[in-house]
Amino acid sequence: MSRISRPPSSLLRAAACTGAAALALTACGSGSGSGSTSTGSGEVKVGLITKTDTNPFFVKMKEGAEKTAKAEGVKLMTAAGKFDGDNAGQVTAIENMVASGVKGILITPSDSKAIVPALEKARAKGVLVIALDTPTEPQSAVDALFATDNLKAGELIGEYAKAAMKGKTAKIAALDLAPGVSVGVQRHNGFLKGFGATDKDVACAQDTGGDQSKGQTAMENCLQKEPGINVVYTINEPAALGAYTALKAKGREKDVLIVSVDGGCTGTQAVKDGKIAATSQQYPLKMAAEGVKAVVTYAKDGKKASGYTDTGVTLITDKAQGGVTSKDTAYGLENCWG
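Residues numbered from 1 in each chain as written. Predicted model: local features only at pLDDT ≥ 70, side-chain atom pairs only at ≥ 80, totals over all residues. Heavy atoms only, no water.

Undergrad: I tried to follow the packing of helix α5 (residues 150-165) against helix α6 (residues 182-195) on my own but got confused; where do I start?
TA: Between two packed helices, both the angle of their axes relative to each other and the distance between the axes serve to describe the pair. Remark: α5 packs on α6, axes separated minimally by 6 Å, with the N-to-C direction vectors making an angle of 35 degrees. In this structure, α5 meets α6 at a crossing whose hand is right-handed. Where α5 approaches α6, its residues N150, L151, G154, E155, I157, G158, E159, A161, K162 and M165 are matched on the opposing element by V183, Q186, R187, N189, G190, F191, K193, G194 and F195. A per-class count over the contact of α5 with α6 returns 7 nonpolar, 7 polar and 5 charged. (Axes fitted to C-alpha atoms, helices over the stretch in contact; angles between N-to-C directions. Helix = DSSP H or I, 4+ residues; strand = E, 2+ residues; numbered from the N terminus. Left-handed = near helix turned anticlockwise from the far one by under 90°. Contact = heavy atoms within 4.5 Å. Nonpolar A, V, L, I, M, F, W, Y, C, P; charged D, E, K, R; others polar.)

So this is what it looks like as structure tokens:
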């Protein structure tokens, strides 16, 4: 990136479409020079704003939006935060997209509460706003939500972990996301509900930001605090793999149960390999595809999507437990992302 020579404009555009900075708004998909979309005033523009563009979950979400935008003959404009939690970057992206004339904005909010004023301004200007994956607080701050039922996703792995423990006393470590993020709160609470536990039963809780290296550090900290931990709930599979690395270093990888949420391809393979016992698989490509279609419908006939659309969740494990519905990793790898 430090080269002095100037690359061809086509490469600059390609790089912009994958850049993480929300300030640099980019038009991608069918409106990016293919000639398949009109450039006149009747052009339909759809905005997609993700938390980051490096997490495989959001990469797959963007892929689904691009594919559907191309099929529908509309222009997709994309932006992302510089990091998970970059609310300011997402606000700037919203403002830029509204100024560029988007008909609708799809967003995975980094801060469910702080983003609300910017979304309300966009809606006041006639822009359809749909939250993907992460609900706003309140949920009514957007027109519609297309997402996994994150509470259910947590419940599934909680029920699984409870059954897998077969009555043994559990010492739980919770490797969470970050304070104030609704997805993390819902998954955490769902796990506890499914396990039949409360926060008082958690021996150690650490925030990881969903990052693998931070997950490893969090697990190391928890093992220092409570060496007898035997159940690990993780916000996502990168955090789970970080926990596995820490446990393996202590020779504990075979006697600690790790459960997670997401169902990415790397994580699902980790379930197959026995590093993670089970994960709740969700479907980001479907969220984005349905979101783009909803904006197209709004552009055509003025009909706004509303309410909550559950895009599904499936428990994936190769060690099924009685009373807990699940599918094996063969199914999981066929339907994974990233």
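Undergrad: What am I meant to see in the pairing of strand β6 (residues 144-147) here?
TA: Look at any regular strand and the pattern is simple: side chains alternate between the two faces of the sheet. The two faces of β6 match: A144 and F146 on one face and L145 and A147 on the other face are all buried. Here β6 runs beside strand β12 (residues 307-310); their pairing, made up of 4 bridges, is parallel. When the bridges of β12 are listed, L145 appears paired with Y308. (Buried < 20%, exposed > 50% of the residue type's maximum accessible area, 1.4 Å probe, protein only. Pairing = 2+ DSSP bridges.)

Undergrad: Whenever I open this one, the state of the cysteines confuses me. Can you help?
TA: Covalent bonding between the sulfur atoms of two cysteines defines a disulfide. Inspection of every chain in the model, using the stated rule, returns 2 disulfides. Covalent S-S linkage joins C204 and C222, the inter-sulfur distance amounting to 2.1 Å. Taking the torsion about the sulfur-sulfur bond, which here is approximately -75 degrees, the covalent link between C204 and C222 counts as left-handed. Pair noted here: C204 is in strand β8 (residues 202-207) and C222 is in helix α7 (residues 212-225), with a separation of 18 residues, a long-range link. (Disulfide = S-S within 2.5 Å.)

Undergrad: How should I be thinking about the environment of K293 in this particular structure?
TA: Note on placement: K293 falls in helix α10 (residues 284-301). Exposure remark for K293: the relative accessible area of 38% places this residue in the partly exposed category. Linking K293 and E72, residues 221 residues apart in sequence, is a C-alpha distance of 7.7 Å. Each residue touching K293, except ones within four places of it in the same chain, is listed here: T68 and E72.

Undergrad: Would you mind showing me how to read the pattern of salt bridges here?
TA: If the charged atoms of two oppositely charged side chains come close together, the side chains can form a pair. All chains considered together, the criterion is met by 10 salt bridges. When the shortest N-O distance is used, the salt bridge between E155 and K193 registers 3.7 Å. Linking E155 in helix α5 with K193 in helix α6, this pair joins segments that are 38 residues apart in sequence. Looking at E155, the relative accessible area reads 18%, which means it is buried. (Salt bridge = Lys/Arg side-chain N within 4 Å of Asp/Glu carboxyl O.)

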